[in-house]
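Residues per chain are reported as follows:
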Amino acid sequence: MPLLADNVVSTSQPLASSAGLQMYAKGGNAIDAALATAIALTVVEPCMNGIGGDMFAIVWHKGEMHGLNASGRAPAAWETSRFAGMDGMDKIGWGSVTVPGTVSGWRAIWEKFGSLPFEDLFEPAIRYARDGYVVSPTVHRQWQKQVPELSGQPGYREAFAPNGRAPLPGERFRCPGQAATLESIARTKGESFYRGELAAAIATHARNTGGLMTEADLAAHTADWVQPIRVQYRDHELYEIGPNGQGIGALMALGMLSHFDLRESGLDTARTLHLQIEAMRLAFADMYEYVGDPAHMPITAEHLLDPAYLAERARLIDPARAGAPRPGSPHSGGTVYLTAADRHGTMVSFIQSNFKGFGSGVVVPDTGIALHNRGWGFSTRPGHANVVAPGKRPFHTIIPGFLMKGGQPLMSFGLMGGSMQAQGHLQVVSRIADFGQNPQAASDAPRWRITDDNLSVAVEWNTPPEVVAQLREMGHDIELAPRFNLEFGSAQMAMRLGDSYLAASDHRKDGYPVGY
């Protein structure tokens, strides 16, 4: 059941939710709760995020919306010519590591909106890292799946697989190096990570093990406050962080779907799923062609969201048959998600990630800093909007979402899981705006997922067989996923109900919402 309370926090891991609740008990606000939760998640769910990753957030505070892009950039040595002739970027190892932005995001959002001392936000996470915590079942499964591939990366086995395996469910895991790192970040408000002892440790590890990241790369990093982008869908407005993130994909797909009557098509029917899938595939085709660091894109987000262009793309959707999506011609001129909301009306949609699970597999010795593999998101194709280059931000999958209705905040929400995130945002928003479902029902319902080739479609195990059969008749290549498949994301939501909230959490992970 959803949770009803004046102050809420919802995330994928119970101990992290508890950290946020402790901040409310200290008199903190939603930002304090979200940050304590996020910091704790780097300890208790390290297989999905970490200190060495990136983060984004959307905040509603005192009648205004704010966006934060704390994603990092490519090292200065990553000249485009260095990657010439490669079919793609490295998936793991130093060749996938861009500058981590998460720590800068923690500080930036706290400086603007936090109410408790910065050091207080780290107390639960430091305690979990130093004294240990009992590993939960889903975290174990995600962790163990990655150990064979990452154990050969420098520093990984010593920090996160000391027994040659992931900790078992119910086993206590300690990471004293991570406790010391979090203490340093708390004490220096993140300065040590970019211009101090931790920066030196990261750069030294790079020099010793084949990486190209330097102290100068870390010192040059900044987190940026940005204006979120939006699209009208029915009587709701969906807000996302703009490029370099994939949130624009959800906006484009909803813009196309606004030309169809999904309510008439029916909830969870083959026709409704078909229209959603086709719109998402067309959006992906454009997104993968044009979206990257906005400073290097040949077109702008406004061009991709132009209503006339989206209407043109919508006309390509055959209501009865699956199509072959191609990029259009716009007119030019492993992740964790959490949400928190408080009785004063502040709501935060917050996401951080090491990209694929632990990320690159590279771990800085004695620090618990697992470095992400976000550089994998770059293209190596010359001339592409997202081609790798020094100081450039790569295309990003992690996206916080925020839903408005009638000019008022309605719901902070998100759904972790690579390319599933934009697809999940579309499905959740449609369920709420088209069919009036509450957040928990919208989260619990079966999901579909377009695979990374933008052709085949996976559906969850409990999708009705007749719907699967009809989609196949329409020409879709459908794969029925096993029951405990983890590729369909995990949603967390907080919906405003007057002066209180309804909070929901995804049954696909270990977490739940808590209130105060």
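- As annotated in an unreviewed UniProt entry, the protein chain is Glutathione hydrolase proenzyme from Bordetella flabilis.
- Looking at the protein chain in UniProt, the text filed under Sequence similarities (unreviewed entry) is "Belongs to the gamma-glutamyltransferase family."
- Under the heading Pathway (unreviewed entry), UniProt records this for the protein chain: "Sulfur metabolism; glutathione metabolism."

## Here we look at the nonpolar core
Working step 1: Counting 99 residues, the largest nonpolar core has Trp106, Ile109, Phe122, Trp143 and Phe350 as its most contacted members.
Working step 2: In terms of residue count, the dominant contributor to this core is helix 2 (residues 30–44) (12 residues).
Working step 3: Two domains each donate at least three residues to this core, and these are domain 1 (14–225) and domain 2 (228–331 + 398–489).
Working step 4: Residues contacting Phe122, with those up to four places away along its chain left out, are Ile39, Trp106, Leu182, Ile185 and Ala186.
Working step 5: Met252, Met297, Leu426 and Ile432 belong to the second-largest nonpolar core, a separate cluster that totals 63 residues.

## Topic: the sheet that holds strand 18 (residues 478–480)
Working step 1: Strand order in this open sheet of 3 strands is 16-17-18, and the pairing throughout is mixed. A strand with exactly one partner marks an edge of an open sheet, and here the two such strands are strand 16 (448–450) and strand 18. Each adjacent strand pair in this sheet contributes to an overall mean axis angle of 25°, direction not counted.
Working step 2: Taken together, the 3 bridges between strand 17 (residues 457–459) and strand 18 define a ladder with parallel strand orientation. From the neighbouring strand, Val457 faces strand 18, where its bridge partner is Ile478.

## Notes on empty space enclosed by the protein
Working step 1: If you add up the space inside the largest cavity, you get close to 140 Å³.
Working step 2: Together, 16 residues line the largest cavity, and Asp268, Leu273, Arg431, Pro446 and Trp448 are the ones closest to its centre.
Working step 3: Broken down by secondary-structure element, the contributors of at least two residues to the lining of the largest cavity are helix 13 (270–290) and helix 16 (420–433).
Working step 4: Looking at the lining of the largest cavity residue by residue, the class counts come to 8 nonpolar, 5 polar and 3 charged.

## Description of the pattern of salt bridges
Working step 1: This structure, assessed with the given rule, holds 22 salt bridges.
Working step 2: Glu197 is the partner of Arg187 in a salt bridge, and the nearest nitrogen-oxygen pair spans 3.3 Å. Residue Arg187 is found in helix 7 (residues 176–188), and its partner Glu197 is found in helix 9 (residues 197–209); the two are separated by 10 residues along the sequence.
Working step 3: The exposed category is assigned to Arg187, whose relative accessible area is 53%.
Working step 4: Through salt bridges with shared partners, a single ionic network connects Arg107, Glu111, Glu191 and Arg195.

## What about the packing of helix 2 against helix 3 (residues 102–113)?
Working step 1: Following both chains from N to C, one finds helix 2 and helix 3 inclined at 165°, their axes separated by 10 Å at the closest point. It follows from the interaxial angle that helix 2 and helix 3 lie roughly antiparallel. The chirality of how helix 2 crosses helix 3 is left-handed. Residues Ile31, Asp32, Leu35, Ala38, Ile39 and Thr42 of helix 2 touch helix 3, and the partners they reach there are Trp106, Ile109, Trp110 and Phe113.
Working step 2: Across the contact of helix 2 with helix 3, the residue classes break down as 8 nonpolar, 1 polar and 1 charged.

## Structural notes on the domain arrangement of the protein chain
How big an interface is tends to be stated in terms of accessible area lost as the parts join.
Working step 1: The assigned domain composition of the protein chain is domain 1 (14–225) and domain 2 (228–331 + 398–489).
Working step 2: For domain 1 versus domain 2, the separation of C-alpha centres amounts to 29 Å.
Working step 3: Counting residues at the interface gives 16 residues for domain 1, matched by 14 residues for domain 2.
Working step 4: Summed over both partners, the interface of domain 1 with domain 2 comes to about 1,300 Å²; 76% of that surface belongs to carbon and sulfur atoms.
Working step 5: Counting the contacts that link domain 1 with domain 2 gives 0 salt bridges.
Working step 6: The set of elements that each furnish at least two residues to the side of domain 1 that touches domain 2 consists of strand 3 (54–61), strand 4 (64–70) and helix 5 (137–150).
Working step 7: The element contributing the most residues to the side of domain 1 that touches domain 2 is strand 3, with 6 residues.
Working step 8: A breakdown of the residues in the side of domain 1 that touches domain 2 according to their chemical character gives 7 nonpolar, 6 polar and 3 charged.

Rules used in this analysis
- Residues numbered from 1 in each chain as written.
- Predicted model: local features only at pLDDT ≥ 70, side-chain atom pairs only at ≥ 80, totals over all residues.
- Heavy atoms only, no water.
- UniProt positions renumbered as here; feature names shortened; annotations may be inferred.
- Core = buried A, V, L, I, M, F, W, Y, C linked by side-chain atoms within 4.5 Å.
- Buried < 20%, exposed > 50% of the residue type's maximum accessible area, 1.4 Å probe, protein only.
- Helix = DSSP H or I, 4+ residues; strand = E, 2+ residues; numbered from the N terminus.
- Domains from an automatic or database assignment.
- Contact = heavy atoms within 4.5 Å.
- Pairing = 2+ DSSP bridges.
- Axes fitted to C-alpha atoms, helices over the stretch in contact; angles between N-to-C directions.
- 1 Å grid on protein atoms, 1.4 Å probe; cavity = no way out; pocket = protein on both sides within 12 Å on 5 of 7 lines; lining within 4 Å.
- Points joined across faces, edges and corners; volume = space filled by probe spheres on them.
- Nonpolar A, V, L, I, M, F, W, Y, C, P; charged D, E, K, R; others polar.
- Salt bridge = Lys/Arg side-chain N within 4 Å of Asp/Glu carboxyl O.
- Parallel < 35°, antiparallel > 145°, perpendicular 65-115°, else oblique.
- Left-handed = near helix turned anticlockwise from the far one by under 90°.
- Buried area = accessible area lost by both parts, 1.4 Å probe.

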